[in-house]
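Here is what each chain is made of, one letter per residue.
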Amino acid sequence: MLSDLRRQTHVDLLENHMALDLITAGKLGFATENRCLGVYVFDEETTNVETVRSDRVVLATGGCGKVYLYTTNRA
């Protein structure tokens, strides 16, 4: 599945990035419908905060390891 996603030319897959905040029309003060316009992300390799503008944002978080007694996440 992930290999299929990597082959897509219209998708940017940002690995080793952490979402900090969603950019919304409401937060920017636009008098339109409040919708997501992008995301601020932290690049763990460069330690830079980047602005990613997009009309579609998918957060694939992968969950948190060791939060529960039993988990399927790798240790």
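In short, a report on the structure. (Residues numbered from 1 in each chain as written. Predicted model: local features only at pLDDT ≥ 70, side-chain atom pairs only at ≥ 80, totals over all residues. Heavy atoms only, no water.)

## What to know about the overall build of the chain
Inclusion rule: In this text, helices come from DSSP runs of H or I with a minimum length of four residues, and strands from runs of E with a minimum of two, each type numbered from the N-terminal end. Relative accessibility under 20% of the residue-type maximum defines a buried residue, over 50% an exposed one, and the middle range a partly exposed one, all with a 1.4 Å probe and only protein chains included. Note on contacts: a residue pair qualifies if any of its non-hydrogen atoms lie within 4.5 Å across the two residues.
Of regular secondary structure, the chain possesses two helices and three strands. Secondary structure elements of the chain, listed N to C terminal, follow the sequence α-β-α-β-β. Out of the 75 residues belonging to the chain, those deemed buried represent 11%. Considering only contacts within the chain whose residues lie at least 6 apart along the sequence, 21% involve residues at least 24 apart.

## As for the pattern of salt bridges
The criterion, for reference: One speaks of a salt bridge when a side-chain nitrogen belonging to Lys or Arg is within 4 Å of a carboxyl oxygen belonging to Asp or Glu.
Following the criterion strictly, the structure yields four salt bridges and no others. Close ionic contact of Arg6 with Glu15 constitutes a salt bridge, the shortest N to O distance being 3.0 Å. Owing to a relative accessible area of 47%, Arg6 belongs among the partly exposed residues under this scheme. Judged by relative accessible area, which is 44%, Glu15 ranks as partly exposed. Note that Asp21 is salt-bridged to Lys27, the shortest N-O span being 2.6 Å. In this structure Lys27 comes out as exposed when scored by relative accessible area, which is 54%.

## What to know about the sheet that holds strand E1 (residues 17-24)
Where we set the bar: The rule for pairing is simple: two strands pair if DSSP sees at least two bridges between them. Here an axis means a line fitted to C-alpha atoms, over the contact stretch when the element is a helix, while the angle between two N-to-C directions is reported on a 0 to 180 degree scale.
Read from one edge of the open sheet, three strands run E1-E2-E3, paired in antiparallel fashion. Each edge of the open sheet carries a strand with a single partner, namely E1 and strand E3 (48-53). Looking at each pair of strands side by side, their axes are set apart by 25° on average, direction ignored. When E1 meets strand E2 (residues 36-43), the two strands line up antiparallel, connected through seven bridges. Among the inter-strand pairings, Leu22 is bridged to a residue of E2, identified as Val39.

## Some words on the pairing of E2
In the sheet, E2 pairs with E3 via six bridges, with the strands oriented antiparallel. The partner of Phe42 across the bridge, within E3, is Val49. Linking two consecutive strands that pair antiparallel, namely E2 and E3, is a turn of four residues; a positive phi of about 60° is found at Thr47 within it.

## Observations regarding the environment of Thr51
Mapped onto the fold, Thr51 is located in strand E3. For Thr51, the residues in contact, after removing those within four places along its chain, are Ile23, Val39 and Tyr40.

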